[in-house]
Amino acid sequence: MKVKALNGFKDILPGETDLWRKVEDLARDIFARFNFSEIRLPILEKTELFARSIGETTDIVEKEMYTFVDKKITMRPEATASVIRAYIEHGLYVKKPVQRLFTIGPMFRHERPQQGRTRQFHQMSVEVLGSDNARVDAELMAMGSMLLSELGLDISLEMNSLGCPECRPGFRTNLLAFLEERKEELCDDCKRRRSTNPLRVLDCKNPSCRQIVQDAPSIQEHLCQECTSHFKAVREGLDQLGIGYSLNKFMVRGLDYYCRTTFEFVTTDLGSQSAVGGGGRYDGLVEELGGPKVPGIGFAMGMERLILLMLQKEGKEDLHAEIDLFVAGLGDDASRLAFSMIHTLRKQGVDAAMDLDGRGLKSQMKQADKAGARYVLIIGGDELAKGFGVLRNMATQEQRELPLNDEGMRVFAESISTVVS
Ligand code: AMP
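Residues numbered from 1 in each chain as written. Predicted model: local features only at pLDDT ≥ 70, side-chain atom pairs only at ≥ 80, totals over all residues. Heavy atoms only, no water.

### Regarding the side chain of N393
Thought 1: If you trace the backbone, N393 turns up in strand β15 (residues 388–393).
Thought 2: You can call N393 buried: its relative accessible area is 18%.
Thought 3: For N393, the residues in contact, after removing those within four places along its chain, are R374, Y375 and E398. (Helix = DSSP H or I, 4+ residues; strand = E, 2+ residues; numbered from the N terminus. Buried < 20%, exposed > 50% of the residue type's maximum accessible area, 1.4 Å probe, protein only. Contact = heavy atoms within 4.5 Å.)

Encoded structure:
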């Protein structure tokens, strides 16, 4: 009996991993430009951490978590709660008044798998803890936009403000009154949400609910003075940095902890899974989780969706592993020499490969091609006797001789490192 991977859990195969690394490397580079430091966190946490931060009545906590019920532990469905737990546990607020942290890794949610939605997926999450300055909000959105644009993706930014504990209750009351009049027309989920989490009705995907909420009161018109000026300052910051965005009064995001700015990076190229990333401000959360009164904001970008978009754009052909050199040794003696030569080259930083199984020249050239070799060094009986191999540049087909000794290897390794740097 063949054992297969679990539904919604995917292998990321060689070739694909190159693209994953490309995305990760660029993200790390951009996060460094914005002065973020990496934090690595455990995958398992106490269940109560997520229940308390994400919220008992959210979809994630109600039905999507992978929980070991007897042990009261859960595989993290997102990273913010864990980042804050670590921030409090290690007193990171003492070390720096404003912490800019990022983490990259797998998350787990028991959702129905479909294109762009898996049960294990990967997020790049960034959090800024310790500042409620609206410029931080603008800067974070600018960083997300920079990442997407440097990946060559054309993605829109949508933004909203959810207000704060001062102004949200007033909005909630008005929204509830509005929903009360239309309760019979709502979908079953929203009938339930009306009492548990009425704001979520605003972003229900059901077409009839979408229609109903078109006339719903707008949170943006209920913001208190402070939230209004914060929202205005965020928009000014975005304008100053030249970041385009649109306002979306229906965007409430799934989690309880958000306040003020919320935002999403969206695309129409992924079917129903339109969000590539999203986040927002969570000023009360650190305190809620037992830490000091410290404001925070963050976002998470979903790597699977970025990869899907890049594959749509670039196609699979570009996913070609590349090596510097393939050494084609013909016959036992040449093969023996090649075996030690590639080891010497690898010590000098060259990506090198050879055929270890003594196949013929044609087959070896095919392997070199598959490996994406920039050069092939051919060593037959004649070359071995002369002490010079034939070095072929695979792009130009130019050939030259290379001494089959340490000096030859050193010269080749140096020429490769100058090309690469
Ligand atoms: P969220 O934490 O729900 O705001 O999600 C942030 C981002 O993570 C989304 O925009 C997606 O790109 C990604 N994401 C969330 N859930 C999934 C999933 N089940 N499968 C793949 N990507 C996901």
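### A short note on the nonpolar core
Thought 1: With 94 residues, the main nonpolar core has F36, M124, L129, M143, M301 and L306 as its most contacted residues.
Thought 2: No other element matches the nine residues that helix α6 (residues 134–150) contributes to this core.
Thought 3: Counting 20 residues, the second largest nonpolar core, distinct from the first, contains L325, L345, V350 and F412. (Core = buried A, V, L, I, M, F, W, Y, C linked by side-chain atoms within 4.5 Å.)

### Things to note about unusual backbone geometry
Phi is mostly negative for residues that are not glycine, and the peptide bonds are mostly trans.
Thought 1: The residue N35 is not glycine, and still its phi comes out positive at about 70 degrees.
Thought 2: In this model, K72 sits at a positive phi of 55 degrees, which is unusual for a non-glycine residue.
Thought 3: If you trace the backbone, K72 turns up in the loop between β3 (66–68) and β4 (73–75).
Thought 4: Of the residues examined, K72 reaches a relative accessible area of 61% and is grouped as exposed.

### Details of the environment of E78
Thought 1: Among the secondary structure elements, E78 is positioned in the loop between β4 and α4 (80–89).
Thought 2: For the pair E78 and G105, spaced 27 residues apart in the sequence, the C-alpha separation amounts to 9.5 Å.
Thought 3: In this structure, E78 is in contact with F50, I54, M107, R109, Q123, L255 and Y257, ignoring residues within four places of it in sequence.
Thought 4: Polar side-chain contacts of E78 include one of 3.4 Å to the side chain of T80.
Thought 5: At 3.1 Å, the side chain of E78 forms a polar contact with the backbone nitrogen of A81. (Polar contact = N/O pair within 3.5 Å; in protein donor to acceptor, adjacent residues only side chain to side chain.)

### Observations concerning the packing of aromatic side chains
Thought 1: If you walk through the whole model with that rule in mind, you get 10 aromatic pairs.
Thought 2: Ring geometry for F31 against F102: centres 4.9 Å apart, planes inclined by 50 degrees, an arrangement best described as tilted. One end of the pair, F31, is in helix α1 (residues 16–33); the other, F102, is in strand β5 (residues 99–108), and 71 residues separate them in sequence. In this pair, the class of F31 matches that of F102, namely buried.
Thought 3: Seen from their ring centres, Y257 and Y258 are 4.9 Å apart, and the 65 degrees between their planes marks the pair as edge-to-face. By the burial criterion, Y257 is buried, and Y258 matches it.
Thought 4: Taken together, the ring pairs connect F31, F36 and F102 into an aromatic cluster.
Thought 5: A cation sits over an aromatic face here: R235 above F231, 4.4 Å from the ring centre. (Phe/Tyr/Trp six-rings, centres within 6.5 Å; stacked < 30°, edge-to-face > 60°. Lys NZ or Arg CZ within 6 Å of the ring centre and 35° of its normal.)

### Quick notes on α6
Thought 1: In this model, α6 (17 residues) spans 24 Å end to end at C-alpha, consistent with the 24 Å of a helix rising 1.5 Å per residue.
Thought 2: By the criterion of burial, α6 is predominantly enclosed, with 12 of the 17 residues buried.
Thought 3: All of the buried residues along α6 are A134, V136, D137, A138, L140, M141, A142, M143, G144, S145, L147 and L148.
Thought 4: The opening residue of α6, the one whose side-chain oxygen lies 2.8 Å from the backbone nitrogen of R135, is N133. (Expected span 1.5 Å × (residues − 1).)

### Some remarks on the site of the ligand
Thought 1: The ligand sits among 14 residues. The nearest are R109, E111, T118, R253 and V276.
Thought 2: Backbone polar atom of G277 to an oxygen atom of the ligand: 3.2 Å apart, as the coordinates give it.
Thought 3: Within the complex, the protein chains bury 90% of what would otherwise be the 480 Å² of accessible surface of the ligand.
Thought 4: Elements with a contribution of two residues or more to the shell around the ligand: β6 (120–129), β10 (275–281) and β11 (296–302). (Near = heavy atom within 4 Å. Areas by Shrake-Rupley, 256 points an atom, 1.4 Å probe, with all protein chains shown as cover.)

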